[in-house]
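Listed here are the chains, written in short residue letters.
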Amino acid sequence: MWGGRFSDKPAELMQAINVSIGFDKRLAAQDLAGSRAHAAMLLKTGVITSEDEAAIQGGLATILAEIEGGTFPFRDEYEDIHMNVEARLRELIGPAAGRLHTARSRNDQVALDFRMWVRDACDRTAGQIKALQSALLAKAEQHADAVMPGFTHLQPAQPVTFGHHLMAYVEMFGRDASRFADARARMNESPLGAAALAGSPFPIDRHMTAEALGFARPTANSLDSVADRDFALESLAAGAICATHLSRLAEEIVIWMTPQFGFIKLSDAFTTGSSIMPQKKNPDAAELVRAKVGRLLGSFTQLTVVMKGLPLTYSKDMQEDKVPTFEAFDALELSLRAMAGMVADLEPVREKMAAAAGAGYSTATDLADWLVRELNLPFRDAHHVTGAAVKQAEALGVGLSDLPLSDLQALDGRITASIYDVLTPEASVASRRSYGGTAPDQVRAQIKRWKEALA
Ligand code: ARG
């Protein structure tokens with residue numbers, strides 16, 4: 001492509017470090033779409049003739065068919081996807097191929113292709129997040145009133161419902177989806193036409209190509225257009241946060257699956273056995289989802305380090321943007337799909353959850369609240385009395401709801417038997433009707449709101 005200036009071939013090592021076709025072939029569809037829009041614009045602005053444009057469009061259509069059919073010859077000697085396509089176009093249509101690169105550079109071309117790839121990836125990811133949210137919603141609806149322990153410090157804290165717990169993740173993934181939507185809106189400007197870095201002397205119409213490629217507008221600074229990769233960084237950051245949420249849910253699945261907890265069962269479809277221990281049923285998929293956040297955060301870190309300190313505008317360092325981004329989205333999309341599968345598959349063991357929900361004096365706060373409500377004790381005093389009740393229950397080896405009334409009355413003579421009404425996990429969750437609380441009717445209201453939002 002630059003034979004005019006060069007008389008020798010590159011060293012083998014030069015080729016080895018320079019070549020990117022092995023990975024940037026994944027930009028083929030975007031590259032062809034960009035070229036087709038560019039050629040149409042060159043025709044409309046009178047830069048190329050209609051004969052040349054027709055030949056170019058025909059050749060690009062053939063190339064698209066070759067790529068889709070798996071017959072396109074990807075060749076290392078043409079370095080990257082842009083030059084592979086152009087070289088093939090020349091083979092197909094002859095010298096007219098050379099006119100396609102008028103008013104364009106690989107710098108704005110790669111910025112465009114990669115931006116469109118990331119945009120597509122954000123859209124796919126948003127769809128997968130939605131599918132996961134739907135799976136969570138369906139499970140939450142089935143178990144909106146199934147009591148389980150809510151934890152802080154992984155110690156039993158207060159009873160909640162399984163539906164409420166799952167809905168917490170629906171909220172998290174909802175924020176993830178909105179982060180991808182924000183990133184998408186910000187990246188949706190076309191860099192095509194920035195050319196090498198300074199813009200073009202040809203009468204190009206950047207608004208036309210921007211519109212043809214689904215962008216809101218062209219980018220406003222040609223230097224920034226070819227130098228910017230923060231659309232990728234922002235998406236990777238959103239991906240890393242989303243993977244963090246996936247990792248937390250995965251960890252809970254691992255914990256819930258242990259015989260010690262026994263809160264859920266996963267079918268054979270999402271577990272593996274052991275080659276030596278016949279009794280084992282391991283939550284490998286959850287463990288792998290838990291681990292994938294490493295790739296996401298690693299990719300974000302990798303690209304940030306590549307970009308930091310790079311002077312304007314394009315530097316070849318930026319070719320290193322693709323592999324981490326591709327890997328990150330591959331890992332994220334697989335994780336989201338695997339998690340949606342696990343959520344649909346898992347079945348809570350409601351008896352186990354309910355038994356655990358009542359353990360660990362989990363309704364102690366309800367007892368204290370009763371003292372505040374019925375006896376008008378200041379909360380701090382109620383907290384103290386309740387602490388003494390827990391101590392007494394512990395000494396007797398019983399739960400709070402089995403503590404004899406006489407023991408409670410020894411702490412405050414005004415306590416009546418109606419206090420037992422608030423000491424079951426069911427009563428505890430039913431009482432927490434504050435907006436966003438764990439009462440089943442509140443949980444169902446949030447499920448309804450989300451179902452409408454996702455519809
Ligand atoms: N393969 C290159 C990349 O991925 C394309 C842009 C090359 N531009 C250049 N001036 N060498 O970044």
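Residues numbered from 1 in each chain as written. Predicted model: local features only at pLDDT ≥ 70, side-chain atom pairs only at ≥ 80, totals over all residues. Heavy atoms only, no water.

What follows concerns unusual backbone geometry. Look at the link from Leu-312 to Thr-313: it is a cis peptide, with omega at 0 degrees. Mapped onto the secondary structure, Thr-313 falls in the loop between α11 (284–307) and α12 (322–345). A positive phi angle is found at Glu-79, which is not glycine, with a value near 65 degrees. If you trace the backbone, Glu-79 turns up in the loop between α4 (50–69) and α5 (81–93). Residue classification places Glu-79 among the buried residues on the basis of a relative accessible area of 7%. One non-glycine residue with positive phi stands out, namely Ala-103, at about 60 degrees. Among the secondary structure elements, Ala-103 is positioned in the loop between α5 and α6 (106–142). Judged by its relative accessible area of 8%, Ala-103 is buried. (Helix = DSSP H or I, 4+ residues; strand = E, 2+ residues; numbered from the N terminus. Buried < 20%, exposed > 50% of the residue type's maximum accessible area, 1.4 Å probe, protein only.)

Once that is clear, we can look at empty space enclosed by the protein. Under the counting rule described, the total for this entry stands at 1 cavity of 30 Å³ or more. Considering only enclosed or pocket space, the largest cavity measures out at about 30 Å³ in volume. In terms of lining, the largest cavity is formed by Asp-31, Ser-35, His-82, Val-85, Glu-86, Leu-100, Arg-104 and Gln-109. Elements with a minimum of two residues in the lining of the largest cavity: α3 (28–44) and α5. The leading source of residues in the lining of the largest cavity is α5, at 3 residues. Among the residues making up the lining of the largest cavity, the classes are represented as 2 nonpolar, 3 polar and 3 charged. (1 Å grid on protein atoms, 1.4 Å probe; cavity = no way out; pocket = protein on both sides within 12 Å on 5 of 7 lines; lining within 4 Å. Points joined across faces, edges and corners; volume = space filled by probe spheres on them. Nonpolar A, V, L, I, M, F, W, Y, C, P; charged D, E, K, R; others polar.)

All right, on to the site of the ligand then. In the vicinity of the ligand, the residues found are Ser-20, Asp-24, Asp-80, His-82, Arg-106, Asn-107, Val-110, Tyr-314, Gln-319 and Lys-322. A distance of 3.5 Å is found between a nitrogen atom of the ligand and a side-chain nitrogen or oxygen belonging to Arg-106. Between the ligand and the protein, one listed contact pairs a nitrogen atom with a side-chain N or O atom of Gln-319 at 2.7 Å. In the complex, 86% of the free accessible area of the ligand, which totals 340 Å², lies under the protein chains. Sort the elements by how many residues they give to the shell around the ligand and α6 lands first, with 3 residues. In the shell around the ligand, the residues fall into 2 nonpolar, 4 polar and 4 charged. (Near = heavy atom within 4 Å. Polar contact = N/O pair within 3.5 Å; in protein donor to acceptor, adjacent residues only side chain to side chain. Areas by Shrake-Rupley, 256 points an atom, 1.4 Å probe, with all protein chains shown as cover.)

Treat this as a map of the structure, not an account of what it does.
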